[in-house]
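# Residue-level structural notes
Spelled out from the first residue to the last, the chains are:
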Amino acid sequence: METIERERNLQQLLAKWLSLHGWTIELIVFFFAMVPIFELRGAIPIVPFLAKLQGVDIPPIWELFSLAVLGNIIPVLPILLFLEPVSDFHRQCSSKSLY
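Thresholds applied
- Residues numbered from 1 in each chain as written.
- Predicted model: local features only at pLDDT ≥ 70, side-chain atom pairs only at ≥ 80, totals over all residues.
- Heavy atoms only, no water.
- Helix = DSSP H or I, 4+ residues; strand = E, 2+ residues; numbered from the N terminus.
- Buried < 20%, exposed > 50% of the residue type's maximum accessible area, 1.4 Å probe, protein only.
- Contact = heavy atoms within 4.5 Å.
- Salt bridge = Lys/Arg side-chain N within 4 Å of Asp/Glu carboxyl O.

### Looking at unusual backbone geometry
With a phi angle near 50°, Glu39 is a residue other than glycine that sits in the positive phi range. Along the chain, Glu39 falls in helix H3 (residues 39–43). Assessed through its relative accessible area of 29%, Glu39 is described here as partly exposed.

Here's what the structure looks like:
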């Protein structure tokens, strides 16, 4: 329970800081979805807090969901692109060290 509360406080603290530095709700949702600690589970539930903090209406849920899913997918693309070359490099290095 304490870990959940600590994560929520960290999430709200970071969201408040980003909001005070001019980030929009949509951009914060996108960013939070990219961060492994929060991902989709933390990106969408922070919206009511941000809307109240910024004094704006909550954006449509389909827009928030779309941004969160895109933000969650973006970090995967570089990993998949660079996984094969890195794997090949390690395979070559390990085969050289065995002989």
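### Quick word on the environment of Leu64
Tracing the backbone through its elements, the reader meets Leu64 in helix H5 (residues 61–73). Distance in space between the C-alpha atoms of Leu64 and Phe30 is 8.2 Å, their sequence separation being 34 residues. Not counting chain neighbours up to four residues away, the residues in contact with Leu64 comprise Ile25, Val29, Ile44, Val47, Ile58 and Pro59.

### Concerning the pattern of salt bridges
Pairing is possible between side chains that carry opposite charge, provided their charged atoms lie close to one another. Applying the stated criterion across every chain yields a total of two salt bridges. Ionic pairing is found between Glu39 and Arg41, a salt bridge with its closest N-O pair at 3.4 Å. On the basis of relative accessibility, which here comes to 67%, the residue Arg41 falls in the exposed class. Between Asp88 and Arg91 there is a salt bridge, with its nearest N and O atoms 2.9 Å apart. Within this pair, Asp88 and its partner Arg91 are both found in helix H6 (residues 76–98), separated by three residues, close to a single helical turn. Of the residues examined, Asp88 reaches a relative accessible area of 29% and is grouped as partly exposed.

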